[in-house]
Amino acid sequence: MALESVEPLHVVSRVETVDEISALTGQNLRRLRTRRGYSLDRLAKISGVSRAMLGQIETGKSSPTISILWKIAAALDVPCGFLIAEPNDTTSLQVLTHAKTKVLSASEGKFQTRALFPYESERKVEFYELRIAPYHTETAEAHHHGTIENLVVSRGTVEIVAGKHPPQLLGEGDAAIFDADVAHSYRNMTSSEAVLYLVTTYVEEVRG
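The notes below deal with the structure included here. (Residues numbered from 1 in each chain as written. Predicted model: local features only at pLDDT ≥ 70, side-chain atom pairs only at ≥ 80, totals over all residues. Heavy atoms only, no water.)

### What to know about the environment of P79
Part 1: Examined against the element boundaries, P79 turns out to sit in the loop between α4 (66–76) and β3 (103–106).
Part 2: Between the alpha carbons of P79 and H143 there is a distance of 9.8 Å; along the sequence they are 64 residues apart. (Helix = DSSP H or I, 4+ residues; strand = E, 2+ residues; numbered from the N terminus.)

Structure below.
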């Protein structure tokens, strides 16, 4: 969900402060960047995010917008969740309590996403709860090539537009699947909050 947002990324967590989130994002960015062998200048050129901004994010001095987060993730060829991932021990059973989940807020709180999965390495599928304010439209940039979004409306009526396809109106219980490597949008058509569940699948690539 490469969301076009001009406001800082707000990550709401009852167990972490904003400073801790920024520090964690910076650590992950530095780790992923160096693993790819990219300098800050190289990553800036690929992602379209300035070197100065990347440096501020890595040092925890700046909290990126959701749009910037997705641009960086696409340039590093990783799911967006990798950038805000917490260290996690492998277990056969994990319980994700509501109190410990992260909520990413955009458009002055009119659009929220809640991760329903543990952030960990090698993840190619992500599961989110989306909440959209009444009559709000959230626009997303094209994701990395091969990304697929599969969503279902739990509450409300939502209009989905993906690339050049005609708008699709989804009611409660309706689902849609589409290639998300084109610009797309979600619009709440009702006077109450809409709730959707989204599964994002990233392409499996063979590396030589």
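Next, the rest of the story.
### Things to note about the pattern of salt bridges
Part 1: On inspection of all chains with the given rule, the structure shows 7 salt bridges.
Part 2: A salt bridge links R114 to E129, with the shortest nitrogen-to-oxygen separation between them at 3.2 Å. Of this pair, R114 sits in strand β4 (residues 111–115) while E129 sits in strand β5 (residues 125–132); the two residues are 15 residues apart in sequence, bridging distant segments of the chain. As far as burial versus exposure is concerned, R114 and E129 are alike and both buried. (Salt bridge = Lys/Arg side-chain N within 4 Å of Asp/Glu carboxyl O. Buried < 20%, exposed > 50% of the residue type's maximum accessible area, 1.4 Å probe, protein only.)

### Some points on the packing of aromatic side chains
Part 1: Tallied over the full model, the rule gives 2 aromatic pairs.
Part 2: Ring geometry for F111 versus Y186: centroids 6.0 Å apart, planes at 20°, classification stacked. Taken together, the residues span a long stretch of sequence, with F111 in strand β4 and Y186 in strand β11 (residues 184–188) at a distance of 75 residues. Comparing F111 with Y186, the two get one shared label, buried.
Part 3: Relative to Y197, the ring of F127 has its centre 6.3 Å away and its plane inclined at 45°; by these criteria the two rings are tilted. Pair noted here: F127 is in strand β5 and Y197 is in strand β12 (residues 194–201), with a separation of 70 residues, a long-range link.
Part 4: According to the relative accessible area criterion, F127 is partly exposed, its value standing at 34%.
Part 5: Overall, Y197 belongs to the partly exposed group, its relative accessible area being 26%. (Phe/Tyr/Trp six-rings, centres within 6.5 Å; stacked < 30°, edge-to-face > 60°.)

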